[in-house]
Amino acid sequence: MTTLSSGFARARRWLRDHPLAFDATLAFCTLVAMICSSFTDPGDGHGPPAFGARTPELFSVLLMTLTAAALVLRRRRPMQVLAVTAALAAVEYVLMDPPAPVVMSTVIALYTVASRTDRPTTWRVGLLTMGGLTAAAMVFGSTPWYSQENFGVFAWTGLASAAGDAVRSRRAFVDAIRERAERAERTREEEARRRVAEERLRIARDLHDVVAHHIALVNVQAGVAAHVMDKRPDQAKEALAHVRDASRSALNELRVTVGLLRQQGDPEAPTEPAPGLAVLGELVTTFRNAGLPVEVACADRDRLPAAVDLAAYRVIQEALTNVRKHAGAGAKAEVSVVRVGATAEVTVLDNGRGSAGRRPGAGPADGPPGDGDGLDSGGHGLVGMRERVTALGGALTAGPRYGGGFRVHAILPVEARTGEPERPGTAGGTGLRR
């Protein structure tokens, strides 16, 4: 049974790949069927048909051969083949009595037209063929007009039109389903690529924030250690200890961030929560150890969503890093996080006297890109902050303050965007602390 099924499948594939060979085979089988039927006398309808009771005329055999040969081109010229076969069938009804079943070729040609054209064309051509051949059989035949042979012509041509239209509709339905499936597959792949690109961008922002912050602190503390190494070795040792702590923190955060690139199920997947306002005190301590006085004012309100909590932390981290690098000696910073209705507002102020043109993203007055003391001197810090805040549906403004200093102000919606997943281990676990 399996061998027989595979053989049929191979034959079907071969015929589908060679349509002309299939049509030639169909034409030959139709010719054989017409010739065999022309030897059969249907009788008066009260008994079975008698095979061999009559012999077809040579003219009828010629017409049957011509109509069968025309079927070879039924796919390439369907309308022309239908016209030829219908005309020859009508000639058979007019000139021969009893007529040979030349109309069998017309039935196949009409089916081909109906399966390859639209429905209005099928209706018009089908009704014309059905009416013309039935009228020819009724008018010129020797049997009464109401005989079953005449109504058989009408029934078979009508059945061919209906079957062809059904096949065309099914093909269109299958093609539409296939097209929708392919489009859905393309859309799914594009969505996957878009999500991968967004995730890469988010990880790149996190890496920038982590590296820029900690490397800037390491640079400052290393400069202090080099300056006081000879005269005040104790203070140099303390500065080097801060360098070690900052580098360790950078490595830990880099390990967590890069760990997000691991596939699910990897043995060393990150388990630490993403940083947020819950560890704001540790962040501020690192800046104070680097010589930047920072005052913090946070309201004990409701907990923030994980994405908003992380964005607020990164904004404060980047803003304080910029203050430490660009505000100049003797600068002080103030950090505030408050809830205002359905939003959380993050503000970082400083009274630095550094040139506004050296602030990253300071606006039209931007000057040369920094003094080379940090990764943020090219102005990417505020761009990254703005992109991060905008991605959550918030807004960020940054610019010089009246009377001196700089101000960074971010407005973050408390509700995360629809469909944004919460970070593992942080949902509902971070909040604003004093």
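Notes on the structure follow.

Analysis parameters
Residues numbered from 1 in each chain as written. Predicted model: local features only at pLDDT ≥ 70, side-chain atom pairs only at ≥ 80, totals over all residues. Heavy atoms only, no water. Helix = DSSP H or I, 4+ residues; strand = E, 2+ residues; numbered from the N terminus. Buried < 20%, exposed > 50% of the residue type's maximum accessible area, 1.4 Å probe, protein only. Contact = heavy atoms within 4.5 Å. Areas by Shrake-Rupley, 256 points an atom, 1.4 Å probe, with all protein chains shown as cover. Axes fitted to C-alpha atoms, helices over the stretch in contact; angles between N-to-C directions. Parallel < 35°, antiparallel > 145°, perpendicular 65-115°, else oblique. Left-handed = near helix turned anticlockwise from the far one by under 90°. Nonpolar A, V, L, I, M, F, W, Y, C, P; charged D, E, K, R; others polar. Patch = residues over 30% accessible without salt bridge, like charges linked within 9 Å, V, L, I, M, F, W, Y side chains within 5 Å. Salt bridge = Lys/Arg side-chain N within 4 Å of Asp/Glu carboxyl O. Lys, Arg positive; Asp, Glu negative; His and termini not counted. Charge placed at Lys NZ, Arg CZ, Asp CG, Glu CD. Core = buried A, V, L, I, M, F, W, Y, C linked by side-chain atoms within 4.5 Å. Pairing = 2+ DSSP bridges. Expected span 1.5 Å × (residues − 1).

Let us now look at the overall build of the protein chain. Scanning the protein chain from N- to C-terminus turns up 11 helices and 7 strands. Taken over 434 residues, the protein chain has a buried fraction of 38%. Put simply, 68% of the contacts in the protein chain that link residues at least 6 apart link residues at least 24 apart. Within the structure as shown, the protein chain displays about 24500 Å² of accessible surface, and the carbon and sulfur contribution to it stands at 60%.

Moving on, we get to the packing of helix α3 (residues 58–70) against helix α4 (residues 78–95). Direction vectors running N to C along α3 and α4 enclose 165 degrees, while the axes themselves pass 9 Å from each other. Taken together, the axes of α3 and α4 lie roughly antiparallel to each other. Note that α3 runs across α4; the crossing there is left-handed. In this structure, α3 contributes Phe-59, Ser-60, Leu-63, Leu-66, Thr-67 and Ala-70 to the contact, and α4 contributes Val-81, Val-84, Thr-85, Leu-88, Val-91, Glu-92 and Leu-95. Of the residues that constitute the contact of α3 with α4, the class distribution is 9 nonpolar, 3 polar and 1 charged.

A few words on a positive patch on the surface. Together, Arg-10, Arg-12, Arg-13 and Arg-16 line one region of the surface with positive charge. Relative to the helices and strands, Arg-10 is located in helix α1 (residues 2–17). Residue classification places Arg-10 among the partly exposed positions, given a relative accessible area of 49%.

Let us now look at the nonpolar core. The tendency in soluble globular proteins is for nonpolar side chains to be buried side by side. Formed by 39 residues in total, the largest nonpolar core has its most connected members in Val-294, Val-315, Ile-316, Leu-320, Val-346, Val-408 and Leu-412. Listed by contribution, the elements that provide at least two residues to this core are α9 (280–289), β3 (294–298), α10 (306–326), β4 (333–340), β5 (343–350), α11 (380–391) and β7 (406–413). When near neighbours in sequence (up to four residues on either side) are disregarded, Val-408 contacts Val-315, Ala-319, Val-346, Thr-347, Val-348, Leu-382, Met-385, Leu-396, Thr-397 and Ala-398. By size, the runner-up hydrophobic cluster in this structure holds 15 residues, among which are Leu-63, Ala-100, Val-102 and Ala-136.

To continue, consider the pairing of strand β6 (residues 395–400). Sheet topology note: the β6/β7 ladder contains 6 bridges and is antiparallel. Its bridge partner being in β7, Ala-398 is matched across the sheet by Val-408. Counted between consecutive antiparallel strands, the loop separating β6 from β7 contains 5 residues, among which Gly-403 sits at a positive phi close to 95 degrees.

Spatial ordering of the open sheet is given by β3-β4-β5-β7-β6, a layout of 5 strands whose pairing is mixed. On the outer flanks of this sheet lie β3 and β6, each paired with one strand and no other. Neighbour to neighbour, the strand axes of the sheet diverge by 10 degrees on average, direction disregarded. With 8 bridges connecting them, β4 and β5 associate as antiparallel partners. Along β5, the bridge assignment pairs Ala-333 with Asp-350.

This part covers helix α5 (residues 103–116). An α-helical turn contains 3.6 residues, so any two residues separated by three or four positions project in the same direction. Taking 1.5 Å of rise per residue, 14 residues should cover 20 Å, and α5 covers 20 Å from first to last C-alpha, within 8% of that figure. Here α5 lies mainly inside the structure; 11 of its 14 residues are buried. Those residues of α5 not exposed but buried are Val-103, Ser-105, Thr-106, Val-107, Ile-108, Ala-109, Leu-110, Thr-112, Val-113, Ala-114 and Ser-115.

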